[in-house]
Amino acid sequence: MKKVSEKTTNYLEKNLNEIKSNVLLSSSSEEILPTFGTNGVRGLFSELTPHYALKLAQAFGIWIKNRYGNKIIVARDQRITSECLASAVKSGLLSVGCEVYDVGLCSSPGAEYMLNHLKASGLIIVTASHNPPEYNALKFIDGNGVTISKERGKEIINLIPRIELAKIEEIKPIQYITNAESYHFGKILRNLNYERLRQYKNKIKVAADFGNGTSALYEKFLSDFAVIYPLNKELDGLFRGRKSEPTPENLQKLSEYVKKYGLMAGFAWDGDADRFVMIDEHGNYIFGDKVVALSTLFKIKIKNEKIKKAIITVSTGRVVEDIVKKHGGEVIYTKVGAPYLSEEMLNQKAQIAGEEVGGVIWPEVSLAKDGIMTSFAIIEMLTYKPLSEWLNELPEYYNVKNKVYIPTNEMKNLIIEEIKERLKNENIITIDGIRINFEDSWVIIRASGTEPYIRIFAEAKTKEKAKELAEKYTEMVSKLANSSL
Ligand code: MG
């Protein structure tokens, strides 16, 4: 234990300036508590404090009890503040008379599967997903498995001033559940071809970069169906192996590993394992849109499932739409964020949903993005042919992602509104940010819900065209940011 804390101290000292600047940035808005964003309530430890987490949990407990029942699951990731916040959350729920099922350390898709498995009324996950280690968040999920959106979250926040404690006889002991990943994996396995996977077990060789996150809890299961070359499999609240977001920059080592050992693919997840991306056998990064498209192909070609409806976020590439339409299905666009995808999945009874960062919803498992199920679907695909041959079945688009630092939400909104006004005569979709559609290319300009950026994402049939489009609109955002707005 001593060794770990020394290491932690060294890391914190090394990164103190960066962490300090984040804390300072937040201290100017000290009185403003974080509220529901794109996916739950997120903040630094100084903002999302144990005290506030307890109040949020109490309000959520009351809200859920009135709608779904009083059995609530609590799960957490391995971040340094997660156990502390989870304790506050459990205390809050118990204090308003909820029955608490503690699944402990768990991936987000694992926790969301447990909601179905235990027929629970709600779920709180303590995880900041792919964010840096000084952040944490509470993700709230209702009894149908739908993540609480910003809009529904307001109802919960409004309950905070009116919290009433339960009567002493209503306070119950916590139920502890271990190995949630085993239950989750059992469900995944029922959707795979077990015999075939076992038959090819020694032929499938992949590198797996767990990024020090909760995907590492599944290494044992991956190793039962493939030869795994692991990277960053130690659970680490400071993500010292690599940064938690599985971006091309953060997966360079994985790419080198795949090439060095001549492997069939490199797998990578974000910190809480709901997102999954890949490296192909040549070391190329495969963007999340293609992961969604390949998952759709898995259903169509391997499971012989008809895709009538697919739900994708407005920032997802056209590759998914092309595949779904080619096989006679329909694509429904939503705002960016897990809550909107899971809400639409429930409403539309669609067969698959996904977003461009590599989140895929498999409704046969849960209404949550499930990077673990996705990785096993890809393993099964690899028993038929190499990844590059599967990728050849997808239409080729090139994309460029840029971002411009914009410190406040007010400024982000002003810039987005100004651009909407400037582009009002173009072919635009304004369901979330501004998507500008051209004949065989498109661009989206969108304010990040969780980080101080406006993101610009362009896609076209050639690299040059994508770059040109991204640069044009990045410049527009930068100029507006630097002007006197
Ligand atoms: Mg995540």
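In this text, all values refer to a predicted model and were calculated from it rather than measured experimentally. (Residues numbered from 1 in each chain as written. Predicted model: local features only at pLDDT ≥ 70, side-chain atom pairs only at ≥ 80, totals over all residues. Heavy atoms only, no water.)

Enquirer: I would appreciate a short explanation of the overall build of the protein in the present structure.
Expert: Each helix and strand in the protein was counted, giving 17 helices and 21 strands. Against the compact-globule benchmark of 23 Å for 485 residues, the protein has a radius of gyration of 22 Å, which places it among compact chains. Within the protein, contacts between residues separated by at least 24 positions form 69% of all contacts whose residues are at least 6 apart in sequence. Accessible surface, the protein as shown: approximately 20,600 Å² in total, 50% of it carbon and sulfur. With 66 positive and 62 negative side-chain charges, the protein shows a separation of 3 Å between the mean positions of the two kinds. (Helix = DSSP H or I, 4+ residues; strand = E, 2+ residues; numbered from the N terminus. Rg over C-alpha atoms; globule rule 2.2 N^0.38 Å. Contact = heavy atoms within 4.5 Å. Areas by Shrake-Rupley, 256 points an atom, 1.4 Å probe, with all protein chains shown as cover. Lys, Arg positive; Asp, Glu negative; His and termini not counted. Charge placed at Lys NZ, Arg CZ, Asp CG, Glu CD.)

Enquirer: Would you explain the pattern of salt bridges in this entry?
Expert: Following the criterion strictly, the structure yields 28 salt bridges and no others. With its nearest N and O atoms 2.4 Å apart, the salt bridge here joins K385 to E393. Residue K385 is classed as partly exposed on the basis of its relative accessible area, which comes to 21%. One salt bridge in this structure joins E418 and R422, with 3.0 Å as the shortest N-O distance. Here E418 and its partner R422 are both found in helix α16 (residues 409-422), 4 residues apart, which amounts to about one turn of the helix. Judged by its relative accessible area of 48%, R422 falls in the partly exposed class. Each of K139, D272, D274, E355 and K369 takes part in one network of salt bridges that share partners. (Salt bridge = Lys/Arg side-chain N within 4 Å of Asp/Glu carboxyl O. Buried < 20%, exposed > 50% of the residue type's maximum accessible area, 1.4 Å probe, protein only.)

Enquirer: Can you help me understand the pairing of strand β15 (residues 352-355) in this one?
Expert: Consecutive residues of a regular strand have side chains that alternate between opposite faces of the sheet. Side chains I352 and G354 project from β15 onto one buried face, and the interleaved A353 and E355 project onto a second face that is buried too. Of the strand pairs in this sheet, strand β13 (residues 309-313) and β15 are connected by 3 bridges, and their pairing is parallel. Bridge assignment links I312 to a residue of β15, and that residue is G354. Sheet topology places β15 next to strand β16 (residues 359-361); 3 bridges connect them, and they run antiparallel. In the sheet register, G354 faces β16, and the bridge partner there is V360. (Pairing = 2+ DSSP bridges.)

Enquirer: Just checking my understanding: could you explain the coordination of the magnesium ion for this structure?
Expert: Under perfect tetrahedral coordination by four donors, a metal shows angles of 109.5 degrees; under perfect octahedral coordination by six donors, it shows angles of 90 or 180 degrees. Every protein donor of the magnesium ion is accounted for by S129 (OG), D270 (OD), D272 (OD) and D274 (OD), and the metal-donor separations fall at 2.0 to 2.1 Å. Between the donor residues of the magnesium ion, the gaps in sequence give the motif S-x140-D-x1-D-x1-D. Each member of the pair, D270 together with D274, is buried. (Donors = N, O, S within 2.8 Å, 3.2 Å for Na, K, Ca; no water.)

Enquirer: Teacher, can you tell me more about unusual backbone geometry here?
Expert: With the exception of glycine, most residues fall at negative phi, and the peptide bonds are largely trans. One non-glycine residue, N179, adopts positive backbone phi at about 60°. Backbone geometry places K349, a non-glycine residue, at a positive phi of 50°. Positionally, K349 belongs in the loop between α13 (338-348) and β15.

Enquirer: Help me understand the environment of S223 in this model?
Expert: Along the chain, the position of S223 falls in helix α9 (residues 219-225). Take S223: its relative accessible area is 28%, and that puts it in the partly exposed class. Separated by 18 residues in the primary sequence, S223 and K205 have C-alpha atoms spaced 9.8 Å apart. S223 has contacts with K201 and I228, leaving out every residue within four places of it along the chain.

Enquirer: Got a minute to help me understand the confidence of the model for the protein in this structure?
Expert: Close reading of the predicted structure is inappropriate where its pLDDT is low. Overall, the predicted model of the protein reaches an average pLDDT of 92, with 93% of residues at or above 70. Contacts of residues 1-5 to residues separated by more than four positions or lying in other chains number 0 contacts, the stretch itself having pLDDT below 50. In the predicted structure, residues 16-30 sits below a pLDDT of 50 and forms 11 contacts with residues beyond four places in sequence or in another chain. (pLDDT = per-residue confidence, 0-100.)

Enquirer: Help me understand the pairing of strand β2 (residues 40-44) in this model?
Expert: Among the 5 residues that make up β2, 5 are buried, leaving the element largely enclosed by the rest of the structure. Strand direction decides the pairing type here: strand β1 (residues 36-37) and β2, joined by 2 bridges, are antiparallel. Bridging across to β2, F36 finds its partner in V41. Here β1 folds back onto β2 in antiparallel fashion, the turn holding 2 residues.

Enquirer: Teacher, can you tell me more about the sheet that holds β13 here?
Expert: Pairing in this open sheet of 4 strands is mixed, and the strands run β14-β13-β15-β16 from one edge to the other. This sheet does not close on itself; its edge strands, each paired only once, are β14 (330-334) and β16. The sheet shows a mean angle of 20° between the axes of neighbouring strands, taken without regard to direction. Helix-sheet contacts for helix α11 (residues 288-302) involve β15 and β16, and the interaxial angle to β15 is about 165°. (Axes fitted to C-alpha atoms, helices over the stretch in contact; angles between N-to-C directions.)

Enquirer: Looking at this structure, I do not really get the packing of helix α7 (residues 180-189) against helix α14 (residues 371-382). What am I missing?
Expert: For the pair α7 and α14, the least separation of the axes is 10 Å and the interaxial angle reads 40°. The orientation of α7 with respect to α14, classified from their angle, is oblique. Relative to α14, the crossing made by α7 is right-handed. Across from H184, F185 and I188 in α7, the residues of α14 making contact are I372, M373 and F376. In terms of residue class, the contact of α7 with α14 is built from 5 nonpolar, 1 polar and no charged. (Parallel < 35°, antiparallel > 145°, perpendicular 65-115°, else oblique. Left-handed = near helix turned anticlockwise from the far one by under 90°. Nonpolar A, V, L, I, M, F, W, Y, C, P; charged D, E, K, R; others polar.)

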